[in-house]
Amino acid sequence: MAAFNIIINGKKHQVDADPQMPLLWVIRDIVGLTGTKYGCGIAQCGACTVHIGDLAVRSCMFPVQSVGDDPITTIEGLSEKGDHPVQKAWKEIDVPQCGYCQSGQIMTAVALLKKNPNPTEEEIHRTMTNICRCGTYNRIKKAIKQASQQS
Amino acid sequence: MKEGIKKLNRRDFIRVGALAGGGLFLGFNSLLSCSDEDKSGKLVDLNAFIKIDTSGQVIIINPNPEIGQGVKTALPMLVAEELDVDWTTIKVEQAGLDTQKYKRQVAGGSGSVRESWDSFRQIGATARAMLISAAATKWALKEEMLTTKDGMVVNKQNGEKIPYGKLVELAATLEVPQNVVIKSPESFKLIGKRIANVDNEAIITGRYRYGIDTKREGMRYATVIRPPAFGQVLKSLDDGEALKSKGIEQVLRFDNKIAIIGLSTWEVFQGAKKIKAEWADEGILEGTMDYREKLKMALSKSPKEDSKRKDGNVIAALSAASKIVELTFEAPFLAHNTMEPMNFFAHVKKNGVELHGPIQTPERTRTRIAELLKFPEENVSVMMTRMGGGFGRRLMSDFVEDAAWVSKLGGEIPVNVIWSRESDMTGGFYRPMYSYKYTAGVDANNKLVAWHHRSIGVGAGAASADSFPAGAIPHYQVDSDIYPSPVPTAPWRGPTHNFLAFSEQSFIDEIAHQTNKDPVRFRLELLEQVRTNAVGKIKYDPLRFAAVIQKAAEVSGWGKSKDHNIFQGFAAHFSFETYVAEVAELVKQADGKLKLKKIYCVADCGTVVNLSGAETQLEGAIIDGIGHAMYAELSLTKGKPDQSNFNNYRMIRMAESPEVEVHFIRSNERPTGLGEPGLPPAAPALANAVFAATGIRLKTQPFVKSGLFI
């Protein structure tokens, strides 16, 4: 075990964890923020996506020891009132069905738009590889395009 | 069916009472038990469907489990429509399991809205009538002079208004009126509108707590190891290394399973990897290749004398036919792959157990757990969380049973038992593997006169005896058989229909091709025969069926494309009382490879309750259906699943998803199922488009193995 100082959503946390423990489980089981989801554990589905700095990272395979000083943002820290343009678009387009994968989808979309405010359809497809078994992909795409126009 | 008031039976009597903190509640007097009454004999608000407090806050209770099918929004809409309240001001609460208070707390069979259509509107209308009565008393006016608007009773003459909150205390003392008239469809203000999912805010901020997110004081995490192959038993266990692993507290052995209990999810997953266990085969372990041979052999023999349906004489008609058309289709096992893996919280105590988590069948689960742990049912509490997908997997209660055992054997600990994705995918309950064989006879006038459908499934039956084109063909026979196997199978979104529609609609396409008929016109001809002269019993309405087919042809421009690189395929299927027709449109590239571009969908689901929810169910079901038909397969080798995670079990992603255009037939009929019916026609529409483009008939899934796609 080792102690790590990590910043999540602007707040400092000292966590005592196995250095190999993926960031996902530190966030969920130690810090107790459960908006970031477990889906596959092998960085395939994207349900666990968080930001480290401005980068979208699949936290289920990212050891806590590799985080360093970069601040982490989870879905809970994306906005104070759920009013980030991407969140707003998600509500307006009524994207979620079961909703489980959506925090990862949103975090992926936010990082994409930050880097590329006007992505082409092709660029959206290339980045949005998160899995949704409910099949909400078309609404996700529509919401990203809407948020892109607004930002 | 005529719109009107359905006479409510005794179980549906509505009862009213005062809220504990002041206000009004209405509920169904389901079983006339005294459990709703406190010691003084006064009613308390436990069985409420509607609560209105003195501030005017309206709370509508959703009794059914939410799996993403949208009931938590749609059912309260039915109540709010009749109650005449501003949707944006109400709150929706999820009820726990309570069969004394609520009926049919199940998510399955696309039945929630279908079953609640009358009763939920009736209770809303009754509450509204009582609020009007209270206002009439207060103002000393006749009820006819009053109406309601957005949570207020309004005097029609002078426009004076009084909010519901000011009337609830008086209303709570009134007699419940009988058979209050419910709205006619023309006056719907909410039903048919686009209403966003009530949990959106909590979901998009990460605040919603799914079952897997359950945290309790002193709670432990656990995971369970099952035999690696179906048909194996646990022979010996060495837990030495696992117990030395960080964060691991206990290793338990129960049934044929091993539970690892510890301080965090990851630590118990790591601990599980250090378990050394020996497993013994209980018999011959079979795999996909073995099943393929067995199913083939079974279909080559004469069917048993227990046909599911027999119209006319198929054998004689086939031998007299001018032309025989025959195709055999095969379906792989499929995993459910809910994005939220199986999990459940359990805390067994001396006298009972608390269960909390994602379950489609809370009532059946409670019975099962009560039997297992030998508690009376009333000592087993079940709280349902919004589920990260169900698709039929959460109709089973195996993972709840595991949680209850782990809590009990672990020393009555509060515990969340969480499956890894690998456990979830390899742990069973699959869509059965099927083989379907169709033989059709066409007479000298090029008319379809005989149809023989034979099916066999691994572990579960496959045929639906009365599916279209039953009723249109004079000689029609359906035979179905089961090949027994230790592989656990379960309903999977659109059970039976999910593969039946693929094979049936592909076969109809093949017959149309071989008889030189347009696939759309051929279906309409068959339906016309049903309308004028149905053979045997039919469960579908040929006119409604024909209407979705015609409209799908119209909106998709069927047969009208001038682009030589675009090919269309047609399919239509009736399931869960809903009619759906779909047209798949694909593009053939210069190199001959195919890419699915778009699916047009027309549905007749009766009255559309929530337009946004209805569209999203169809869009999602179509993408889900295409995804599984294109890419998914769970194969077995010697009883062991070959796939274990999303790196080797392919799920559809955004880049492969077709555009989907949804249309509804305008209708005032009762609402019918919607969570499942969009899925079955998607795969055959695509396969029939592939046939149009290439002349190749796809008979097995996943389609990607054909090598025809980019």
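Residues numbered from 1 in each chain as written. Chains lettered and ligands numbered in written order. Predicted model: local features only at pLDDT ≥ 70, side-chain atom pairs only at ≥ 80, totals over all residues.

Caption draft 1: Structural view of the overall build of chain A. Check the secondary structure of chain A and you find five helices and five strands. Counted from the first residue to the last, chain A has its helices and strands arranged as β-β-α-β-β-β-α-α-α-α. For chain A, the C-alpha radius of gyration of 15 Å lies close to 15 Å, the compact-globule estimate for 151 residues. Counting only C-alpha atoms and orienting by the principal axes, one finds that chain A spans roughly 45 × 30 × 25 Å. (Helix = DSSP H or I, 4+ residues; strand = E, 2+ residues; numbered from the N terminus. Rg over C-alpha atoms; globule rule 2.2 N^0.38 Å.)

Caption draft 2: Broad picture of unusual backbone geometry. Residue and element names in this part refer to chain B. With an omega of 15°, the peptide bond running from Phe468 to Pro469 counts as cis. Its location among the elements puts Pro469 in the loop between strand S21 (448-458) and strand S22 (475-483). Along the chain, Gln701 connects to Pro702 via a cis peptide bond; the corresponding omega equals 0°. Residue position: Pro702 is located in the segment after helix H16 (682-694). In this structure, Asp84 takes a positive phi of about 65° despite not being glycine. With respect to the helices and strands, the residue Asp84 is situated in the loop between helix H1 (71-83) and strand S5 (91-94). Given 24 C-beta atoms within a 10 Å radius, Asp84 is considered buried. In this model, Asn337 sits at a positive phi of 50°, which is unusual for a non-glycine residue. Residue classification places Asn337 among the buried positions, given that 24 C-beta atoms sit within 10 Å. (Buried ≥ 20, exposed ≤ 12 C-beta atoms within 10 Å, placed from the backbone.)

Caption draft 3: Fine view of the pairing of strand S4 (residues 55-58) of chain A. Residue and element names in this part refer to chain A. Pairing between strand S3 (residues 49-52) and S4: four bridges, direction antiparallel. Bridge pairing in S4 links Ile52 to Leu55. With antiparallel pairing between neighbouring strands as the criterion, S3 and S4 make up a hairpin whose turn holds two residues, including Gly53 at a positive phi of roughly 65°. (Pairing = 2+ DSSP bridges.)

Caption draft 4: Molecular detail of the sheet that holds strand S8 (residues 161-163) of chain B. All names here are of chain B. Judged by pairing direction, the sheet is antiparallel, and its three strands sit side by side in the order S6-S7-S8 without closing on themselves. Only two strands of the sheet have a single neighbouring strand rather than two, namely strand S6 (146-149) and S8. When strand polarity is set aside, the average angle formed by the axes of neighbouring strands in this sheet is 30°. Relative to S8, strand S7 (residues 152-155) runs antiparallel, the two sharing three bridges. Bridging from a neighbouring strand, Met152 pairs with Pro163 of S8. (Axes fitted to C-alpha atoms, helices over the stretch in contact; angles between N-to-C directions.)

Caption draft 5: Representation of the interface of chain B and chain A within the structure. Taken together, the contacts link 49 residues of chain B with 48 residues of chain A. Of all the elements, helix H15 (residues 611-631) of chain B adds the most residues to the side of chain B that touches chain A, at seven residues. For the side of chain B that touches chain A, the residue count by class is 17 nonpolar, 18 polar and 14 charged. (Contact = placed C-beta atoms within 7 Å. Nonpolar A, V, L, I, M, F, W, Y, C, P; charged D, E, K, R; others polar.)

Caption draft 6: Local environment of H1(B). With 13 residues, H1(B) should reach 18 Å at 1.5 Å per residue; the first-to-last C-alpha distance of 18 Å fits that figure. Burial of H1(B) is extensive: 13 of the 13 residues sit out of reach of the surface. (Expected span 1.5 Å × (residues − 1).)

Caption draft 7: Summary view of the packing of helix H9 (residues 362-373) of chain B against helix H10 (residues 398-409) of chain B. Residues and elements named next belong to chain B. In contact at an axis separation of 10 Å, H9 and H10 are set at 35° when each is read in the N-to-C sense. Of the two elements, H9 crosses H10, and the hand of that crossing is right-handed. Across the interface between the two elements, Thr365, Arg368, Ile369, Leu372 and Leu373 from H9 touch Val400, Glu401, Ala404 and Lys408 from H10. Tallied by class, the residues present in the contact of H9 with H10 amount to five nonpolar, one polar and three charged. (Left-handed = near helix turned anticlockwise from the far one by under 90°.)

Caption draft 8: Summary view of the sheet that holds S5(B). All names here are of chain B. One open sheet accounts for five strands, arranged S1-S2-S3-S4-S5; its pairing is mixed. Only two strands of the sheet have a single neighbouring strand rather than two, namely strand S1 (14-18) and S5. When the angles between neighbouring strand axes are averaged without regard to direction, this sheet yields 20°. As paired elements, strand S4 (residues 58-62) and S5 share four bridges and run parallel to each other. In the strand pairing of S5, Ile60 is matched with Val92. Each of strand S3 (48-53), S4 and S5 is contacted by H1, which is oriented at about 135° to S4, the strand it contacts most.

Caption draft 9: Local environment of the environment of Phe468(B). Residue and element names in this part refer to chain B. Tracing the backbone through its elements, the reader meets Phe468 in the loop between S21 and S22. Residues Phe468 and Val530, spaced 62 residues apart in sequence, show a C-alpha to C-alpha distance of 9.6 Å. With near-sequence residues (within four places) excluded, Phe468 lies in contact with Tyr540, Phe545 and Phe574.

Caption draft 10: Seen up close, the packing of H1(B) against helix H2 (residues 112-139) of chain B. Residues and elements named next belong to chain B. Axis separation between H1 and H2 bottoms out at 6 Å; the angle between their running directions is 35°. The interaxial crossing formed by H1 with H2 has right-handed handedness. Here H1 contributes Val71, Ala74, Leu75, Leu78, Val79, Ala80, Glu81, Glu82 and Leu83 to the contact with H2, which in turn contributes Ser112, Val113, Ser116, Trp117, Phe120, Arg121, Ile123, Gly124, Ala125, Ala127 and Arg128. Grouping the constituent residues of the contact of H1 with H2 by class yields 13 nonpolar, three polar and four charged.

Caption draft 11: Quick look at helix H2 (residues 85-93) of chain A. Restricting attention to buried positions, one finds in H2(A) the residues Val86(A), Gln87(A), Ala89(A), Trp90(A) and Ile93(A). Burial along H2(A) is one-sided: seen end-on, the buried residues are contained in an arc of 160°. Tucked into the core, H2(A) has its buried residues touching helix H3 (102-115) and helix H5 (137-150) of chain A together with helix H4 (200-204) of chain B. Residue Asp94(A) follows H2(A) closely and has a positive phi angle near 55°. (Arc of directions from axis to C-beta.)

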